[in-house]
Amino acid sequence: MSETNSSYSGFWQQGQRRGILGWLLSTDHKRIGIMYLCCVTTMFIVGACLGLALRLELIAPGPTVMSAQTYNATFTVHGVIMIFLFIIPSIPASFGNLLMPIMIGARDVSFPKVNLISWYCYIIGAVLAILSIFTGTGAPDTGWTFYVPFSTQTTTNIDLAVMAAFMLGFSSILTGLNFLTTIHRLRAKGMTWGRLPLFVWTLYATAWVQVLATPMIGITLLLIVFERVFGAGLFDAARGGDPILYQHMFWIYSHPAVYIMILPGMGVISEVIPVFARKPLFGYWAMALSSLAIAFAGSLVWGHHMFASGMSDMAILIFSFLTFIVAIPSAIKVFNWVSTLYKGSIQLAPPMLYALSFIFLFSIGGLGGLVLGAAASDIHLTDTMFVVGHFHYVMFGGTGFAFFAALHYWLPKFFGRMYNHKRAVIAWALMFVGFNFTYMPMQVLGVMGMPRRYYDYLPQFTTLNQVSTVGSWVMALGLLVMFVNLWKGIRSGTPVGPNPWGGATLEWQIPSPPPIENFGEEDPVVTHGPYDFKGVVADEY
Amino acid sequence: MSIEHRDDTGARFGMWLFLYTEVILFSGLFLLYAMALAKFPNDFSNASHRLNIYFGTVNTLVLLTSSLSIAMAVTALQRGRTKLTLILCGTTVFLGIVFLINKYFEWSAEIGHGIYPGSHHLAEQAPGVAAFFNLYFFTLGLHGLHVVIGGTLITVVAIMTAKGKVTSERYTLLENTALYWHLVDLIWIFLFPLYYLIL
Ligand code: HEM
Ligand SMILES: [Cu+2]
C-alpha cells in the first residue's frame, strides 16, 4: 500500500482492474455491496414514484389520472419492485455485504465469486421485471402475489415477471448460503458467537430463512409458467387442481420472507441504539436468540394469510395461535431496545432518529399484525386498506426506516465523508410526519370498510383518502431532501476519521473508507464484545 | 497482495446447503403429488399403469451405476490417479446421456399417444389422469434438467482435472460435483417408485 494520507481512498481506488470493469468483475464484498446499494436505491425510487401515482389516483372518487387497468398494473409493478427488488435484498444484500465480513474480522465472504454471480442474478431479475412492463401484451396486473386462477388466465405479461421473481429468489438463496458459510467459517480469532454484533446475528437468522424457504417460491413460480404455457391446470379446480394449494405454496415462502425483510432491519437498529445511547445493548443473548426464534416461529404461520380463503376451523385456530407466538420474540426486541435507552446518554444524531422512529412505526405495524392474526378481526379486515396500512407500517416504517438509519450510520464509513446533519434532521421530520399522514388514514379507511386494490371508492371515504395523498407528498419531499443531502455529503462532505460515532464494533477500527482486504496483512484478534464502549471515543469531524 | 483464500470445509458446507435448497425445490412437487393422490387415488393408479415401467427401470439402473462411477472418480482422484478419474468422469457423463436418450424415447412414445401437457387427449381424460401426467412431465422434466446441469458440471470439472487445476491435493470441486450428481440420483430414487411402481 503506497498511498499517502491525502489521496487515500481505500477500496475505491485499489483493485486489480481499473474503471468500470474493476466494478463489474470485482469479487470484493465491499464493491459488490456498493453495487447492490446503488441498485436497490434506484429500484426504491422507481417504486416510490409508482406508489405516488397510486395515491394520486386515489385523491378523489371516480377515475382521476389513470384507467382501472393502468391502476391494476401500477399496484402490481409497485408491489413487485418494492418486495422483490427493494425490500428483500435491501439490507442483507447491500449492508450485509458491505459490513458482515468486516464485523466478523474476515477479509471477504466465503465464496466471493458466488457473491458476484448473485449480484448478476439480481440484475437479470431487475431487467426482466422492467421488461415485463414494456413488452408483450401489457404490464402484469395480478398483484405481486400472482394468485391463481387470474395469473394463469390473464393475457398480460406474467411470464416475464414471474421469471424475474425466480431469478431474484436465486440471488437471495446464493447470498444466504454465502453468509451462512462465512459466519460459520471465517470469524476472526476471538470472535466467538457471544461477541458477534447483533447485525450479524440477524443476518445469520435471515440467511437460514433465505436458504430454507426461497426454493418453495421458486418451484411455485415455475409452476405458474408451466400452467400458462401448457394449460396444465394443476391449480385449476375445474381440471382437478387446487387454487388454495397455490396460496399455501406461495405463503410458505412469502410469510417467512417478511422476516427476511424485517430481521436485518432489527439488526441495524440493534447496532445504532447502543452507540447513540452509549450503553451496552440490554440482553445480548435474548436479542441474539430472539432473532433465531423469529425466524423459526415465523416459518410456521403462513396460514394466517388464508383465513378467508377456506380452511378448517382447527387450522385457523392453530395458525392464529402460532401467529401470536411470533409476537413474543418481536416484543422482546422492542423491550430490550427500550431498556437500552433507559438511563442512556442519548444523542439524537440522524441515525438515531431513524432508529427511534423505527421502534415507533414497527410497533404500530406489529400490533396491527396481531389484529390480522386473530381470525375474527381478520375476516372483517382482509383485503381492506387496513392491510395496506399494516404492511406499510411494518415494511416501510420498519425495514425502510432501518435502511435509512443504515444509510446515515454507515455511509460515512464507506465514503469517508459526512452529510449535513441539520438537513438530515429536516428530511427525517418530513418523512416521519408524511409517513403517518399517509398510512394512518389507510388503517382507518380499512376499518371503515374500504377495500384494497380498488381504484374507486364511495364518497364517504374521500376526506381520509385526501389526507393520505397529501401525506404522501410530504413524505416524498422528505425522501428527496434525504437523498440529495446524502448525495452531497458523499461527494463533498467533511472528511471523517475511522470512528465518527464512537462505535465499538470492528468496522470502526479500520480507516474510512476501508482498505481492500479490510484489515491489511494481519487478521484482527478480538478481545471484547461489540457493545463494550469503555475507552472508545468518537472522532471529531 | 491478495492472500489465497481456501477453505475446503467451508466449500463442502456451502454445497450441502445448496443441495438442501434443491430438496425443498422438489418438495413442492411432492406436496402437489400427495394432494392429488389423496384426491384421485383411482385416476392416479389408472394413469400410472400407462407408464412404461421398462424405461423407468432401465433409467434407474443407469443412474445408480453413474452414481457409483462418480463416487469412484473421487476416490481415484484422491489417490492421484488422474487418468482413471477422467475415465470414470467420462463414464458418468456417458451414462447421463444414456439416461436422457432413454427418456427421449419414452417421452416420444407418450407424446405419440397424445399424452403431453395441454393435449386434447389429456383434457378428455378424468381430472386425476390429467393431473398425474402433468405432474409427471413437469417433475421428470425438471429432474432431466438437473441431469443436464450435473453432466455439464462433471464435464467442466473433468477438463479442469485434465489441466491440473483439480488435483489429489485439491479435490473438493470434484467432490462437490459428485455430491450434486448423487442428489440427482437420490431424487430419481423417489420419483421412480412414486410414478412407476407403487400405484
Ligand atoms: C412513497 C412511498 C409509497 C407509497 C406512496 C405507497 C403507496 C401504495 C399504495 C397506494 C398501494 C396500493 C394499495 C391498494 O391498492 O391496495 C400500495 C401497495 C403496495 N405497496 Fe406501497 N407505497 C409506498 C412505499 C412502499 C414500500 C417502501 C413498500 C415495500 C417495501 C411498499 C410495498 C407495497 C406492496 C407490497 C403493495 C401491494 C401491492 C399489491 O396490492 O399487489 N410500498 N402502496
Ligand atoms: Cu404472514
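It should be emphasised that the depicted structure is a prediction, and the values quoted were computed from it without experimental measurement. (Residues numbered from 1 in each chain as written. Chains lettered and ligands numbered in written order. Predicted model: local features only at pLDDT ≥ 70, side-chain atom pairs only at ≥ 80, totals over all residues. Heavy atoms only, no water.)

S.K.: Describe empty space enclosed by the protein, listing the residues and the values that go with them.
M.R.: Residues and elements named next belong to chain A. What the rule picks out here adds up to 3 cavities of 30 Å³ or more. Reported here for the largest cavity is a volume of approximately 150 Å³. For the largest cavity, the lining is made up of 17 residues, of which F84, I88, P89, L168 and S172 are closest to its centre. When contributions to the lining of the largest cavity are tallied by element, the ones reaching two or more residues are α3 (68-103), α6 (158-185) and α7 (198-230). For the lining of the largest cavity, the leading source of residues is α6, giving 6 residues. For the lining of the largest cavity, a count of residues per class yields 11 nonpolar, 6 polar and no charged. As a volume, the second largest cavity reaches approximately 50 Å³. Taken together, T76, V77, V80, I81, A129, S132, I133, P140 and A161 form the lining of the second largest cavity. Taken together, the elements giving at least two residues each to the lining of the second largest cavity come down to α3 and α4 (112-134). Residues that form the lining of the second largest cavity fall into these classes: 7 nonpolar, 2 polar and no charged. (1 Å grid on protein atoms, 1.4 Å probe; cavity = no way out; pocket = protein on both sides within 12 Å on 5 of 7 lines; lining within 4 Å. Points joined across faces, edges and corners; volume = space filled by probe spheres on them. Helix = DSSP H or I, 4+ residues; strand = E, 2+ residues; numbered from the N terminus. Nonpolar A, V, L, I, M, F, W, Y, C, P; charged D, E, K, R; others polar.)

S.K.: Just give me the short version of the confidence of the model for chain B, but keep the residues and values in it.
M.R.: When pLDDT is averaged along chain B, the result is 92, and 97% of the positions lie at 70 or above. What the predictor reports for the complex is a pTM of 0.93 with an ipTM of 0.92. (pLDDT = per-residue confidence, 0-100.)

S.K.: Could you give an account of the coordination of the iron atom of ligand 1, with specific residues and numbers?
M.R.: All names here are of chain A. On the protein side, the iron atom of ligand 1 has H78 (NE2) and H392 (NE2) as donor atoms, found 2.0 to 2.1 Å from it. Because the angles between the 6 donor atoms bound to the iron atom of ligand 1 fall within 84 to 179°, the donor set is best described as octahedral. One end of the pair, H78, is in helix α3; the other, H392, is in helix α13 (residues 385-415), and 314 residues separate them in sequence. Accessibility expressed as a relative area gives 14% for H78, which makes it buried. (Donors = N, O, S within 2.8 Å, 3.2 Å for Na, K, Ca; no water. Tetrahedral: all angles 85-135°; square planar, octahedral: opposite > 155°, others 65-115°. Buried < 20%, exposed > 50% of the residue type's maximum accessible area, 1.4 Å probe, protein only.)

S.K.: How would you explain the interface of chain B and chain A if you had to name every residue and give the values?
M.R.: Every contact between the two is made by 32 residues of chain B and, on the other side, 32 residues of chain A. Across the interface of chain B and chain A, roughly 2,900 Å² is buried in total on both sides, 78% from carbon and sulfur atoms. Run the count over chain B and chain A and you get 1 salt bridge. Joining chain B to chain A, the criterion identifies 4 residue pairs in polar contact (both at pLDDT 80 or more). Counting only elements with at least two residues in the side of chain B that touches chain A, the list comes to α1 (8-39) and α6 (127-162) of chain B. (Contact = heavy atoms within 4.5 Å. Buried area = accessible area lost by both parts, 1.4 Å probe. Salt bridge = Lys/Arg side-chain N within 4 Å of Asp/Glu carboxyl O. Polar contact = N/O pair within 3.5 Å; in protein donor to acceptor, adjacent residues only side chain to side chain.)

S.K.: How would you summarise the coordination of the copper ion (ligand 2) if you had to cite specific residues and measurements?
M.R.: Residue and element names in this part refer to chain A. Protein-derived ligands of the copper ion (ligand 2) are H255 (ND1), H304 (NE2) and H305 (NE2), with the metal-ligand distances lying across 1.6 to 2.0 Å. Here the donor residues for the copper ion (ligand 2) map to a single chain with the spacing H-x48-H-H. Judged by its relative accessible area of 13%, H304 is buried. We classify H305 as partly exposed; its relative accessible area is 31%.

S.K.: Lay out the site of ligand 1 in plain terms, naming residues and giving numbers.
M.R.: Residue and element names in this part refer to chain A. With respect to spatial proximity, 25 residues lie near ligand 1, and among them Y71, H78, H392, Y439 and R453 are the closest. Within the side chain of Y71, an N or O atom sits 3.0 Å from an oxygen atom of ligand 1. Between ligand 1 and H78, the relevant distance is 2.8 Å, taken from a nitrogen atom to a side-chain nitrogen or oxygen of the residue. Secondary structure elements with two or more residues in the shell around ligand 1: α2 (29-57), α3 and α13. Among the elements that line the shell around ligand 1, the one with the most residues is α3, at 8 residues. Looking at the shell around ligand 1, its residues break down into 17 nonpolar, 5 polar and 3 charged. (Near = heavy atom within 4 Å.)

S.K.: Any details on unusual backbone geometry? Residues and values, ideally.
M.R.: All names here are of chain A. Put simply, V148 and P149 share a cis peptide bond, and its omega is 0°. When you line up the elements, P149 lands in the loop between α4 and α5 (150-153). A positive phi is found at R453, a non-glycine position, where the angle reads about 60°. Here R453 is to be found in the loop between α14 (421-448) and α15 (462-492). Even without being a glycine, N518 presents a positive backbone phi close to 75°.

S.K.: Give a description of the packing of aromatic side chains that names residues and reports values.
M.R.: Tallying each qualifying case throughout the model produces 70 aromatic pairs over all chains. Note on B:F132 and B:F133: the rings are 5.4 Å apart at their centroids and 90° apart in plane angle, and the pair reads as edge-to-face. With a centroid separation of 5.4 Å and an interplanar angle of 40°, the aromatic rings of B:F192 and B:Y196 are classed as tilted. Taken together, the residues span about one helical turn, with B:F192 and B:Y196 both in helix α7 (residues 172-197) at a distance of 4 residues. For B:F192, a relative accessible area of 10% puts it in the buried group. By relative accessible area, B:Y196 is classed as buried at 6%. The lysine or arginine in question, A:R31, covers the ring of A:W23, its NZ or CZ lying 4.5 Å from the ring centre. When the ring centre of A:F533 is taken as reference, the NZ or CZ atom of A:R278 above it lies at 4.8 Å. (Phe/Tyr/Trp six-rings, centres within 6.5 Å; stacked < 30°, edge-to-face > 60°. Lys NZ or Arg CZ within 6 Å of the ring centre and 35° of its normal.)

S.K.: Please provide a residue-by-residue account of the nonpolar core, values included.
M.R.: A:F95, A:F404, A:W410 and B:Y195 are the most contacted members of the largest nonpolar core, which has 240 residues in total. Residue contributions to this core peak at 21 residues, all from α3(A). Apart from the residues within four sequence positions on either side, A:F404 is in contact with A:F44, A:Y354, A:F396, A:M431, A:L479 and A:M482. (Core = buried A, V, L, I, M, F, W, Y, C linked by side-chain atoms within 4.5 Å.)

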